[in-house]
Amino acid sequence: MNENKRHLIENLMADYSAAIDSKDLERWPELFTEDGRYRVTNSEDYNQGYQHGAIWANSRGMLRDRISALREANVYEEQRYRHVSDAARLITEDEQNGTITVSSNFIVVRTMHTGDTQLFASGMYIDRIKFQDDSALFAERIVVCDSQKIDTLLAIPL
Amino acid sequence: MNENKRHLIENLMADYSAAIDSKDLERWPELFTEDGRYRVTNSEDYNQGYQHGAIWANSRGMLRDRISALREANVYEEQRYRHVSDAARLITEDEQNGTITVSSNFIVVRTMHTGDTQLFASGMYIDRIKFQDDSALFAERIVVCDSQKIDTLLAIPL
Amino acid sequence: MNENKRHLIENLMADYSAAIDSKDLERWPELFTEDGRYRVTNSEDYNQGYQHGAIWANSRGMLRDRISALREANVYEEQRYRHVSDAARLITEDEQNGTITVSSNFIVVRTMHTGDTQLFASGMYIDRIKFQDDSALFAERIVVCDSQKIDTLLAIPL
């Protein structure tokens, strides 16, 4: 992984957090490739190889639909997320397909409109990142939460 | 933003956290330019364009005064902060003025002298950084907290 | 600290967190030199210069023994850690010995098998890192926790 790709990955990950945390949700699907995959699961299910997820999508269109639904339900107004994550760690580089797989640790803190703040989720991102010209997009982001409890509470992308 | 500037920013941000977290508070104002600005606000007020803040200063001298006051009040002895923050994300680069504006996510954890630890604050830093020779200083740091509750609790710089 | 060493340090720190958080504990001692030192202490004791620690080891062999004991006691199965840490900050570079000392902030979140998640620990790593050929290992990692309460609860390496 050269320096340039490293910075593209860093920027992509920061853009992702910023889009969600600043409620600029419409920018979120645009960080994925056209056939980009997204999935929220938990460590137990992930380690056992289950392919399902509490949230999942296999195209940018599905991600856009999800955001439209959230906007209509107005669920996002009541809360605010804050992501903090580690530096990305190289897993594999596939030079033929122009993709790099990395992982990183994250925690998400949630602040309600009352002002109360709590630790909301923690886990690991496993990202397959696609490079084209001088940009980087998620070909896949798997969100592996530490807790299986998260699933039922989850409305907004992590 | 070249590699050298990136590292200067990283170091500046780490020095900032280290000064506060290790209670070496007198080092804190020295990380700002002579006319450096500092402000703690919350997302609601920030998004509405309010310029005030729960804490604010527009010179290094005011920051020094604040630290003197804290030392006299002895309020700092009772608690310890720990900052964890993301990598900085480039917002704009102003080559003419030799400044770069970046943002980053942070959380602060507070440990009381009893040993109890809790999540204290989360939010975003918006930093205008001034480069001179081979050093970097804050021309401005705006601390945008996620919760509006933070204001009344806040004595120590975030 | 050149770019290559910076990345080796980043990778080492990420490998450390990943080994513990994914419960791949046997990889943990292998990140230390043969005579690597490891110690968990708290800020008060550390600042007063005490050399002891709630957990300590002065060789890779001792670290391996610790993991064997944890595996036998089966204590690890009940919980899962998640580390998030800052970028490393250069303290000193000793070119003669091929070592670099850095510090970084961390927090650890713990998820129980019930799915409950809480902030478990926060503090600072102080690392002396040894470079050899194209790899980096911990010659020493001191874990300085913010709370002195952590000691009695601690079974798994931080």
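Residues numbered from 1 in each chain as written. Chains lettered and ligands numbered in written order. Predicted model: local features only at pLDDT ≥ 70, side-chain atom pairs only at ≥ 80, totals over all residues. Heavy atoms only, no water.

Student: Help me get a handle on the overall build of chain A, residues and values and all.
Tutor: When helices and strands are counted, chain A shows four helices and seven strands. Ordered by position in the sequence, the α and β elements of chain A form the string α-β-α-β-α-β-β-β-β-β-α. For a compact globule of 158 residues, the expected C-alpha radius of gyration is about 15 Å, and chain A comes in at 15 Å, within 12% of that figure. For the C-alpha atoms alone, the extent of chain A along its principal axes is close to 50 × 30 × 25 Å. Restricting to contacts in chain A with at least 6 residues of sequence separation, those with at least 24 account for 58%. (Helix = DSSP H or I, 4+ residues; strand = E, 2+ residues; numbered from the N terminus. Rg over C-alpha atoms; globule rule 2.2 N^0.38 Å. Contact = heavy atoms within 4.5 Å.)

Student: I'd like to hear about the interface of chain C and chain B, residue by residue, with values.
Tutor: Listed per partner, the contact involves 20 residues of chain C and 24 residues of chain B. Overall, the association of chain C and chain B removes approximately 1,700 Å² of surface from exposure, summing both partners, and the carbon and sulfur fraction of that is 47%. Counting the contacts that link chain C with chain B gives four salt bridges. Here R6 of chain C makes a salt bridge to E10 of chain B, at a shortest N to O gap of 3.3 Å. Viewed at the interface, chain B and chain C are joined by 14 residue pairs in polar contact (both at pLDDT 80 or more). Elements that contribute at least two residues to the side of chain C that touches chain B include exactly α1 (3-21), α2 (43-47), β3 (79-85), β5 (99-112) and β6 (117-132) of chain C. Taken together, the residues of the side of chain C that touches chain B break down into six nonpolar, eight polar and six charged. (Buried area = accessible area lost by both parts, 1.4 Å probe. Salt bridge = Lys/Arg side-chain N within 4 Å of Asp/Glu carboxyl O. Polar contact = N/O pair within 3.5 Å; in protein donor to acceptor, adjacent residues only side chain to side chain. Nonpolar A, V, L, I, M, F, W, Y, C, P; charged D, E, K, R; others polar.)

Student: Give me the lowdown on the relation of the copies chain B and chain A, citing residues and values where you can.
Tutor: What relates the pair of chain copies is a rotation about an axis plus a shift along that axis. For the pair chain B and chain A, the superposition axis carries a translation of 0.0 Å, the fit reaches an RMSD of 0.0 Å, and the rotation angle comes to 120 degrees. Each copy turns onto its partner about a three-fold axis. Rotation axis and chain B: the residue whose C-alpha lies nearest the axis is D86 of chain B, separated from it by 4.0 Å. (Least-squares fit on C-alpha atoms with pLDDT ≥ 70 in both.)

Student: Go over empty space enclosed by the protein, please, and point to the residues and values.
Tutor: For the structure on display, the rule yields five cavities of 30 Å³ or more. A volume near 660 Å³ is recorded for the largest cavity. For the lining of the largest cavity, the per-class residue count stands at 18 nonpolar, five polar and nine charged. (1 Å grid on protein atoms, 1.4 Å probe; cavity = no way out; pocket = protein on both sides within 12 Å on 5 of 7 lines; lining within 4 Å. Points joined across faces, edges and corners; volume = space filled by probe spheres on them.)

Student: Run through the pattern of salt bridges, naming residues and quoting values.
Tutor: Two side chains that carry opposite charge are able to pair once their charged atoms sit near each other. Per the stated rule, a full pass over the model turns up 36 salt bridges over all chains. D116 of chain C is paired through a salt bridge with K149 of chain A; the nearest N and O atoms lie 2.5 Å apart. In this pair, D116 of chain C sits in the loop between β5 and β6 while K149 of chain A sits in the loop between β7 (135-145) and α4 (150-153), so the two residues belong to two different chains. The class of K149 of chain A is partly exposed, set by a relative accessible area of 40%. (Buried < 20%, exposed > 50% of the residue type's maximum accessible area, 1.4 Å probe, protein only.)

Student: Explain the interface of chain B and chain A residue by residue, including any values.
Tutor: Residue-level contacts link 20 residues of chain B with 24 residues of chain A. In total, about 1,700 Å² of surface goes out of reach between chain B and chain A, with carbon and sulfur atoms giving 47% of it. The interface formed by chain B and chain A contains four salt bridges. Sorting the residues of the side of chain B that touches chain A by element identifies α1 (3-21), α2 (43-47), β3 (79-85), β5 (99-112) and β6 (117-132) of chain B as the ones contributing at least two each.

Student: I'd like to hear about unusual backbone geometry, residue by residue, with values.
Tutor: Look at D133 of chain B: it is not a glycine, yet its phi comes out positive at around 50 degrees. Relative to the elements of secondary structure, D133 of chain B occurs in the loop between β6 and β7 (135-145). Classification of D133 of chain B as exposed rests on a relative accessible area of 80%. Phi at K23 of chain C takes a positive value of approximately 65 degrees, unusual for a residue other than glycine. Locating K23 of chain C in the fold gives a position in the loop between α1 and β1 (32-42). Overall, the relative accessible area of 18% leaves K23 of chain C in the buried class.

Student: Report on the side chain of R80 of chain A, specifying residues and quantitative values.
Tutor: Relative to the assigned elements, R80 of chain A resides in strand β3 (residues 79-85). For R80 of chain A, which is buried and forms no salt bridge, the nearest opposite charge comes from D146 of chain B, at a distance of 4.5 Å. Polar contacts involving the side chain of R80 of chain A include one to the main-chain carbonyl oxygen of D21 of chain A, which spans 3.2 Å. Here S43 of chain B takes part through its side chain, which lies 3.4 Å from a polar atom of the side chain of R80 of chain A. Other than its neighbours up to four places away in sequence, R80 of chain A contacts D21, S22, K23, V109, R110 and T111 of chain A together with S43, N47 and D146 of chain B. (Lys, Arg positive; Asp, Glu negative; His and termini not counted.)

Student: Explain the side chain of R89 of chain B residue by residue, including any values.
Tutor: In this structure, R89 of chain B sits in strand β4 (residues 89-94). A distance of 2.8 Å separates a polar atom in the side chain of R89 of chain B from a polar atom in the side chain of D15 of chain A. For R89 of chain B, the residues in contact, after removing those within four places along its chain, are A14, D15, A18 and R27 of chain A together with T101, V102 and S103 of chain B.

Keep in mind these values describe shape, not function.
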